[in-house]
Amino acid sequence: MNIASAVILCTIVGAVGAIILVAAAKFMAVEEDPRIEEVAACLAGANCGGCGYAGCSDYAKAVVMDGVACDKCAPGGPKAAAAIAKIMGGEASAVEKKAVVQCQGNSEHCKPAYDYTGIQTCAAAANLYGGPKTCTFACIGLGDCTKVCKFDAIHIVDGVAKVDKDKCTGCGACANICPKHVIMIDAGGPRKPVVMCSNQDKGPVAMKACTTSCIACGMCERTCKFDAIHVVDGVARVDYDKCKGCGMCAQKCPKKIILFPLKDNPYPPEPKKPAAAPAAAPAPKAEEKPAAEKAE
């Protein structure tokens with residue numbers, strides 16, 4: 001076989017193979033639902049992983065193919081959720097999720113238990129006697145959360161992580177990295193209270209560790225008319241499905257640690273005083289009879 005014949009043969013074999021591949025691609029192709037691309041276009045494109053998926057495209061596919069909730073894109077917020085819900089023919093919650101640090105153990109309230117000089121990460125410090133603070137449930141304050149936040153929304157202030165609610169997208173990266181699990185992603189919104197403590201020790205022990213600890217007295221639980229707050233594992237926790245945001249638990253808390261951290265004014269509303277009853281009108285005096293009638 002000469003070179004020309006070999007080239008012709010290879011060309012024919014290549015052409016036949018190409019035809020077979022094209023035919024196979026045509027008949028075996030799985031068409032992608034066009035809604036996946038539409039949903040992906042609604043997302044923020046941050047690929048932060050806060051939704052629990054590898055990236056925005058994976059989350060979009062999960063929404064369309066698996067029926068995953070449409071409000072998991074924290075950076076996109078309620079606007080993205082509403083747009084996705086419209087594509088999917090449903091409704092989305094209008095509540096914007098934010099991170100809240102359930103700890104107030106700064107240098108004033110929670111003293112150091114020892115001088116920590118090891119690796120300057122919360123994860124490393126947590127492995128040494130539970131951390132360098134007297135409260136072993138407290139925010140360690142070495143900034144692991146700040147390092148993973150892509151939105152510059154959380155910073156360490158006086159030894160405790162503080163969230164900038166205007167920048168926070170609620171992606172959950174800070175909550176996932178925190179070794180003490182004191183960061184929650186609040187879906188209740190500004191009108192719902194948060195117990196700003198995570199200490200599970202009994203009252204006297206908790207108070208010795210931190211002056212702003214929940215003492216598990218149960219006053220909030222007894223006050224709530226909606227069965228929305230209970231002492232669980234030694235610390236009060238709010239059931240946001242039941243909570244009406246009335247603020248009665250916050251008003252009655254003797255330690256004043258139930259706050260509204262997402263409001264401009266985080267403190268509970270003042271108790272409503274009952275309106276004073278109107279003064280009773282004086283009884284009308286009986287009319288005096290004329291003297292002549294009295295004489296008769």
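Read on for a plain summary of the structure.

Parameters and conventions
- Residues numbered from 1 in each chain as written.
- Predicted model: local features only at pLDDT ≥ 70, side-chain atom pairs only at ≥ 80, totals over all residues.
- Heavy atoms only, no water.
- Helix = DSSP H or I, 4+ residues; strand = E, 2+ residues; numbered from the N terminus.
- Buried < 20%, exposed > 50% of the residue type's maximum accessible area, 1.4 Å probe, protein only.
- Contact = heavy atoms within 4.5 Å.
- Areas by Shrake-Rupley, 256 points an atom, 1.4 Å probe, with all protein chains shown as cover.
- Patch = residues over 30% accessible without salt bridge, like charges linked within 9 Å, V, L, I, M, F, W, Y side chains within 5 Å.
- Salt bridge = Lys/Arg side-chain N within 4 Å of Asp/Glu carboxyl O.
- Disulfide = S-S within 2.5 Å.
- Phe/Tyr/Trp six-rings, centres within 6.5 Å; stacked < 30°, edge-to-face > 60°.
- Lys NZ or Arg CZ within 6 Å of the ring centre and 35° of its normal.
- Lys, Arg positive; Asp, Glu negative; His and termini not counted.
- Polar contact = N/O pair within 3.5 Å; in protein donor to acceptor, adjacent residues only side chain to side chain.

**Notes on the overall build of the protein chain**
- Helices and strands together make up the secondary structure of the protein chain, namely 11 helices and 8 strands.
- Each of the 296 residues in the protein chain was classed as buried or not, and the buried ones make up 34%.
- A separation threshold of at least 6 residues defines the contact pool for the protein chain, and within that pool the share at least 24 residues apart is 55%.
- For the protein chain, the accessible surface area stands at approximately 18100 Å², while carbon and sulfur atoms represent 59% of it.

**Looking at unusual backbone geometry**
- In this model, Y129 sits at a positive phi of 60 degrees, which is unusual for a non-glycine residue.
- Checked against the element boundaries, Y129 lands in the loop between α5 (122–126) and α6 (144–148).
- One non-glycine residue, K256, adopts positive backbone phi at about 55 degrees.
- For K256, the position within the fold is in the loop between α10 (248–252) and β8 (258–259).

**A look at a nonpolar patch on the surface**
- A grouping of I8, I12, V16 and I20 is seen on the molecular surface, where their side chains present a nonpolar patch of about 370 Å² in accessible area.
- By the element assignment, I20 lies in helix α1 (residues 3–28).
- Owing to a relative accessible area of 53%, I20 belongs among the exposed residues under this scheme.

**Here's the deal with the environment of N127**
- Note on placement: N127 falls in the loop between α5 and α6.
- Between the C-alpha atom of N127 and that of P179, which follows or precedes it by 52 residues, the distance is 9.4 Å.

**Some points on the state of the cysteines**
- Summed over the entire model, instances satisfying the criterion amount to 0 disulfides.
- In this structure C48 is a free cysteine whose sulfur lies 4.8 Å from that of C171, the closest cysteine sulfur available.
- Of all cysteine sulfurs in the structure, the one in C139 sits closest to C122, which takes part in no disulfide; the separation is 6.2 Å.
- On the basis of relative accessibility, which here comes to 7%, the residue C122 falls in the buried class.

**Some details on the pattern of salt bridges**
- Applying the stated criterion to the full structure yields 3 salt bridges.
- Notably, a salt bridge pairs D227 with K242, separated by 2.9 Å at the nearest N-O pair. Of the two residues, D227 is situated in the loop between α9 (219–223) and β6 (229–232) and K242 in the loop between β7 (235–238) and α10; the sequence distance between them amounts to 15 residues.

**Considering the packing of aromatic side chains**
- This structure, assessed with the given rule, holds 2 aromatic pairs.
- Centroid distance Y53 to Y59: 5.9 Å. Interplanar angle 35 degrees. Geometry classified as tilted.
- Residue classification places Y53 among the partly exposed positions, given a relative accessible area of 30%.
- The class of Y59 is buried, set by a relative accessible area of 1%.
- Seen in terms of ring centroids, Y114 and Y129 are 6.1 Å apart; in terms of plane orientation they differ by 75 degrees. Their pairing is edge-to-face. Taken together, the positions of Y114 in the loop between β1 (98–101) and α5 and Y129 in the loop between α5 and α6 put the pair 15 residues apart, joining distant regions of the chain.
- With a relative accessible area of 67%, Y129 lands in the exposed category.
- Taking NZ or CZ as reference, K263 lies 4.5 Å from the ring centre of F260, over its face.

**As for the side chain of K180**
- When you line up the elements, K180 lands in the loop between α7 (173–177) and β4 (183–186).
- Buried and unpaired, K180 has no salt bridge, with D201 as the nearest side chain of opposite charge at 10 Å.
- A distance of 2.9 Å separates the side chain of K180 from the backbone oxygen of G130, its partner in a polar contact.
- A distance of 2.6 Å separates a polar side-chain atom of K180 from the backbone oxygen of T136.
- Excluding its chain neighbours within four sequence positions, the residues that come into contact with K180 are A126, G130, T136, F137, A138 and I140.

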